[in-house]
Amino acid sequence: MTCFLQDALRFVLKNRQIADDAPLQLYHSGLLFAPKMSFIRRIFEDEIPTWICVPPMVEEKWNAELQTLEGHSAQVTSTEFSPDNQYLASSSWDTKIKVWNAATGVSKLTIEGHSHRVMSIAFSPDGRLLSSGSWDHTVKLWHLDTGALYRTFNEHSDAVLSVAFSPDGQTLASGSWDKTILVRNITTGTRQLTLEGHSNRVLTVAFSSDGKLLASGSWDSTVRLWNTTTGALQQTLDIHSDLIRSVAFSPCGKILACGSDDKTISLWDTVSGTHRVTLEGHAHWVLSVAFSPDGQTLASGSGDRTVRLWDTATGALKETFNGHSDSVWSVAFSPNNQHVASGSGDMTVRIWYNQSQKQPEQQNLMGHSELIWCVAFSHDGHLLASGSWDTTVRLWDANGAQQKSQVMKGHTHWVLSVAFHPDSQILASGSGDMTIKLWDTATGTLRQTLVGHSDFVMSVKFSSDGLGLASGSRDGTVRLWNTATGLQQHILQCRSDIVLSVAFSPDDRYLTSGSSRTARLWHTETGKLLRSFDGHLEALTSVAISHDSRLLASVDGHIRTSDFRDNTIRIWNITTAELQRELTVKGPVTNLTFSKDDSHLITNLGSFHIQPGCCGNTSHTTPLLHSHLSILNGPWLDLQGKRVLRLPSEYWTRCLAIKDSTLALGHPSGQIFFIHFDKTMR
C-alpha cells in the first residue's frame, strides 16, 4: 500500500498542471507518458485511447523530476526556497514574481510592481521579506505574507541583475550593469557601501556564511572578494576565459563556486585564494550554481538545458537532470536538502529529488547524450534523422515500436541541421564545425565532406532533383554545391546576415534564404539576387517557394524558441514582393513546404489551408487546419480537428515533426519518442 500511495503521489504531482487545465487528460497524457512500471499506469492502462496505435517508449520508473510548475509567461530567471522550506519563489522576464507552495506546487502569490524583467530574487534569513532586482534599475523589498511592497531602492543607473541578503538579514547587496555593487541597510534604507572595480557589468553577488565577505562575478571574467565592513577589495580571482554568471559560497564559507560562460565551474579556497578544482561537463554556458545545505553537493544549471549535481570533495559528477527544453537559468536547494529547484527559459520551474545515486532507469532509453537540435523525416517517412549538440547524427526507424538508432560520427561540433536527399538514400548534416557531411543512410558511412563556410552551418537542403545542395551559414553566405562532385557552384552574399534557412523552388530554378528579418530570392543557375522580402520582426527559421513560383512563405521565431509562443508565417507575392497574408501559429516552425497544388502549407507542426483568396488579400489569421494530425494550437495535439492530447512541458521543444500519422518528439534527455495514431480515430 505504501508503494502504491507513493506512486499515486508522484503521478498527481507530475500531472498537477494538466489536471488543473484539462482533468480528463489524466487518462490520456498522464497515463501515456507515465513510467511503464508505475502502479497507476498498470492499473488504468486500458484507459489509454485506442486511437494511439503505438505509444511512446517511456522510462521504466519515475526519474528524479518531482513536478513542473507552470504559470510564468516568459523566461524564469531565478528560483529560491524560503528558509522554512514552505515556499518556493520564482522571478521572470514577464515582470512577475510567483510564490509557490513548495510541497504541492500550488501558486500562493503573484507579486507585480516591476516595470521590466525581474532578474533575481532572495529571501531574507527570517523569511519575512523577499527582495528582487530588475531591468527597471530598481531593487524592491516585498512582504512575503501579503505580497505588499515594503521598500524600493532607485540607486542604480542600469539593470539590476543580482540581489543577496547578508546572513544576519541587516543588509542587502545588489549587482548591476552599471558595474557597481551597492550594499544597503534594510531597516534605514541607507547605503553603506559602493563597491567599484569591475570593468564591466556585475552579473552576480553572494555573501559568505559569516557575512564578512561579498563575492561578485562580472562580464569582465573576474570574481572579486570584498570586505563587507570596509568595502576593501581583498582578492581578485581570474581563471575563467569568459564572463562569470553565478557565484556561491559553501555553507562553511571556505569554498567559493563560480559558473562561467566558458562552460566550466571553478572551486576556490576563500582563505588562501587558491584554485581547488575545475568542474567540466556542461556543453554550454554555466548560468547558475548553488551549494547544498550540507556543502557536499553543488548544483549547476546551464544553457545545455541540464541541471547537474557535483561532489564538492572530489569534483565528480553525481547526477544529470534532463527535462527542461531551454536554458536553465537558476538552481536552488531546499533547506532540508531533499529537493533541487530549477528555473528555465522554457517558462517553467521544476522540482527534483536530490538523490546521491544515478537514476539507472534513465539509462534504458537509447539516444543522444546532449540536446537534440534538429529532426527531419525522410521523404518516404520510414526514417527520422536527428542532429545533436553531442556532435552526432542519428537515424531512427520511424515505423516500429522498438526504436533502433544508427549513430553517425564525424562532426567535431554541434549538428545544427539535417536534410534527406529526395530518394532518402543520402542524408546531409550541417554543423558548428563549419562543414557539411553527406552520409549513406543504408550503411551510416560518410560519403563526403563539403568544406567552404567560415562559421556555423545553420541550414542544409537538397534540390528536388538531388543534384544540388544549398547551405546557409552564420558567415552570412549561402552556398550551392554539386552533390556528385562536392564542388561549390555559387557563393551568395547576404550582407553579413546570419542565414538560418534555405529552400529550393520545386522546379529548382530559384532558391530562397531566410536570415535576420529578411527573406531573399536567388536565381540558382546564375546566383543572382532577384528580390528581398522585409517585414519580419525576428529571424527567419524556415522559408519555402510554391510550385507555381508565385508565392514565397517565410516564418519567424527566435532560433532557440522551445515553447508554444506565437510565430508568424508571412506569404508574399514573388513578382511584386508584396505581403499577401499573415498567419499566426503557436510553436516553433522548423520545416515549411507548399503542397503540390499550393493550396496549403505543410510544416513540422502539421498542415493548413492558405487558399483560396491568398493572393491580393492581406490578412492576419489563425490557419485553417488541413492535416488530420497537427500541433498548431500550443501544447495541444489536434487529431481530425479535435484537441485530443496535451503534451507535457518537457516535450515543448523545437524538435517536433509530423509525418502522416506519426508524431516524433525530441526530448531534452536526447531520446526521440514516436507516437503513431489511428487516422480513423477509433
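Because the structure is a prediction, the values reported are computed rather than measured. (Residues numbered from 1 in each chain as written. Predicted model: local features only at pLDDT ≥ 70, side-chain atom pairs only at ≥ 80, totals over all residues. Heavy atoms only, no water.)

Caption draft 1: Expanded view of the overall build of the protein chain. Helix and strand content of the protein chain: 4 helices and 60 strands. Dimensions of the protein chain along its principal axes, counting C-alpha atoms only, are 75 × 60 × 50 Å. Counting the 682 residues in the protein chain, one finds 63% classified as buried. The contacts of the protein chain with a sequence gap of at least 6 include a subset with a gap of at least 24, amounting to 47%. Accessible surface, the protein chain: about 25400 Å² in total, of which carbon and sulfur atoms supply 49%. Both charge centroids of the protein chain, one from 57 positive and one from 65 negative side chains, sit 1 Å from each other. (Helix = DSSP H or I, 4+ residues; strand = E, 2+ residues; numbered from the N terminus. Buried < 20%, exposed > 50% of the residue type's maximum accessible area, 1.4 Å probe, protein only. Contact = heavy atoms within 4.5 Å. Areas by Shrake-Rupley, 256 points an atom, 1.4 Å probe, with all protein chains shown as cover. Lys, Arg positive; Asp, Glu negative; His and termini not counted. Charge placed at Lys NZ, Arg CZ, Asp CG, Glu CD.)

Caption draft 2: How the structure looks around helix α1 (residues 2-14). For α1, built from 13 residues, the straight-helix expectation of 18 Å at 1.5 Å per residue is met to within 8% by its first-to-last C-alpha distance of 18 Å. Along α1, the residues that are buried comprise Asp 7, Ala 8, Arg 10, Phe 11, Leu 13 and Lys 14. Next to the buried residues of α1 lie α2 (16-21), α3 (29-32), α4 (39-44), β2 (65-70) and β29 (348-353). (Expected span 1.5 Å × (residues − 1).)

Caption draft 3: Spatial organisation of the sheet that holds strand β20 (residues 255-260). Taken together, 4 strands build an open sheet; the order of strands is β19-β20-β21-β22 and the sheet is antiparallel. Looking at which strands have only one partner, the edges of the open sheet turn out to be β19 (244-249) and β22 (275-280). Each strand axis lies, on average, 20° off the axis of its neighbour in the sheet, ignoring direction. Here 5 bridges tie β19 to β20, and the two strands are oriented antiparallel to one another. Opposite Phe 249, over in β20, you have Leu 256 as the bridge partner. (Pairing = 2+ DSSP bridges. Axes fitted to C-alpha atoms, helices over the stretch in contact; angles between N-to-C directions.)

Caption draft 4: Structural detail: the pairing of β22. Bridge count between strand β21 (residues 264-269) and β22: 5 bridges; the pairing is antiparallel. Paired with Ile 265 across the two strands is Leu 279, which belongs to β22. Connecting β21 to the next strand, β22, in antiparallel fashion are 5 residues, including Gly 273 with a positive phi near 75°.

Caption draft 5: Inspection of a nonpolar patch on the surface at higher detail. Among the surface-exposed residues, Leu 24, Tyr 27, Phe 39, Ile 43 and Phe 44 lie close enough to one another that they form a single nonpolar patch of about 500 Å² accessible area. In this structure, Phe 39 sits in helix α4. According to the relative accessible area criterion, Phe 39 is partly exposed, its value standing at 33%. (Patch = residues over 30% accessible without salt bridge, like charges linked within 9 Å, V, L, I, M, F, W, Y side chains within 5 Å. Salt bridge = Lys/Arg side-chain N within 4 Å of Asp/Glu carboxyl O.)

Caption draft 6: Geometry of the state of the cysteines. With the rule as written, the count across this model stands at 0 disulfides. Considering cysteine sulfurs only, Cys 252 is the nearest to Cys 258, which forms no disulfide, with 15 Å between them. By relative accessible area, Cys 258 is classed as buried at 0%. (Disulfide = S-S within 2.5 Å.)

Caption draft 7: The arrangement of the domain arrangement of the protein chain in detail. Partitioning the protein chain into domains gives domain 1 (3-54), domain 2 (65-353), domain 3 (372-609) and domain 4 (629-677). Taken over C-alpha atoms, the centre of domain 1 sits 35 Å from the centre of domain 2. Contact with domain 1, which involves 5 residues of that partner, is made by 12 residues of domain 2. Around 760 Å² of area is buried between domain 1 and domain 2 when both sides are counted, 42% of it from carbon and sulfur atoms. Summed over the three residues of domain 1 that lose the most area to domain 2, namely Arg 10, Leu 13 and Arg 16, the buried surface amounts to 65% of that side. For the pair domain 1 and domain 2, the interface holds 1 salt bridge. Salt-bridge contacts for Lys 14 lead to Glu 65; the nearest nitrogen and oxygen are separated by 3.0 Å. On the surface where domain 1 and domain 2 come into contact, there are 4 residue pairs in polar contact (both at pLDDT 80 or more). Of all elements in the fold, only α1 and α2 reach the threshold of two or more residues within the side of domain 1 that touches domain 2. Take the side of domain 1 that touches domain 2: its biggest share by element is 3 residues, from α1. Within the side of domain 1 that touches domain 2, the residues separate by chemical class into 1 nonpolar, 1 polar and 3 charged. (Domains from an automatic or database assignment. Buried area = accessible area lost by both parts, 1.4 Å probe. Polar contact = N/O pair within 3.5 Å; in protein donor to acceptor, adjacent residues only side chain to side chain. Nonpolar A, V, L, I, M, F, W, Y, C, P; charged D, E, K, R; others polar.)

Caption draft 8: Highlighting the nonpolar core. In this structure, Leu 601, Leu 665 and Phe 677 are the most contacted members of the largest nonpolar core, which totals 42 residues. Grouped together as the second largest cluster of nonpolar side chains are 19 residues, Ala 385, Val 415, Phe 420 and Trp 439 included. (Core = buried A, V, L, I, M, F, W, Y, C linked by side-chain atoms within 4.5 Å.)

Caption draft 9: Structural view of the pairing of strand β60 (residues 672-677). The buried count for β60 comes to 6 of 6 residues, which makes it a mostly enclosed element. Bridge count for strand β1 (residues 52-54) against β60 is 2 bridges, and the pairing is antiparallel. Each residue of the ladder has a partner; that of Val 54, found in β60, is His 676. Taken together, strand β59 (residues 662-666) and the strand that follows it, β60, pair antiparallel across an intervening segment of 5 residues, in which Gly 670 is found at a positive phi of about 100°.

Caption draft 10: Representation of unusual backbone geometry in the model. Phi at His 137 is positive, roughly 80°, even though this residue is not glycine. Within the secondary structure, His 137 is located in the loop between β8 (129-134) and β9 (139-143). Here the phi dihedral of Arg 305 falls at roughly 75°; this positive angle occurs in a residue that is not glycine. Mapping Arg 305 onto the fold places it in the loop between β24 (297-302) and β25 (306-311).

Caption draft 11: Looking closely at the confidence of the model for the protein chain. Across the protein chain, the average pLDDT comes to 89, with 92% of residues at 70 or higher. Under a pLDDT of 50 for its full length, residues 356-364 has, in the predicted model, 20 contacts with residues more than four places off or in other chains. (pLDDT = per-residue confidence, 0-100.)

Caption draft 12: Geometry of the sheet that holds strand β33 (residues 405-408). In space, the 4 strands of this open sheet follow the order β30-β31-β32-β33, with antiparallel pairing throughout. Two strands lie at the open edges of the sheet, namely β30 (372-377) and β33, each paired on one side alone. Strand after strand, the sheet turns through a mean of 20° between neighbouring axes, direction not considered. Of the pairings in the sheet, the one linking strand β31 (residues 383-388) to strand β32 (residues 393-397) comprises 5 bridges and is antiparallel in character. Counterpart to Leu 383 in the pairing with β32 is Asp 397.

Caption draft 13: Expanded view of the packing of aromatic side chains. Per the stated rule, a full pass over the model turns up 7 aromatic pairs. With a centroid separation of 5.4 Å and an interplanar angle of 55°, the aromatic rings of Trp 135 and Trp 177 are classed as tilted. Placement of Trp 135 in the loop between β8 and β9 and of Trp 177 in the loop between β12 (171-176) and β13 (180-185) is noted, with a sequence separation of 42 residues between them. For the pair Trp 414 and Phe 456, a centre-to-centre distance of 6.1 Å together with 70° between the ring planes defines the contact as edge-to-face. (Phe/Tyr/Trp six-rings, centres within 6.5 Å; stacked < 30°, edge-to-face > 60°.)

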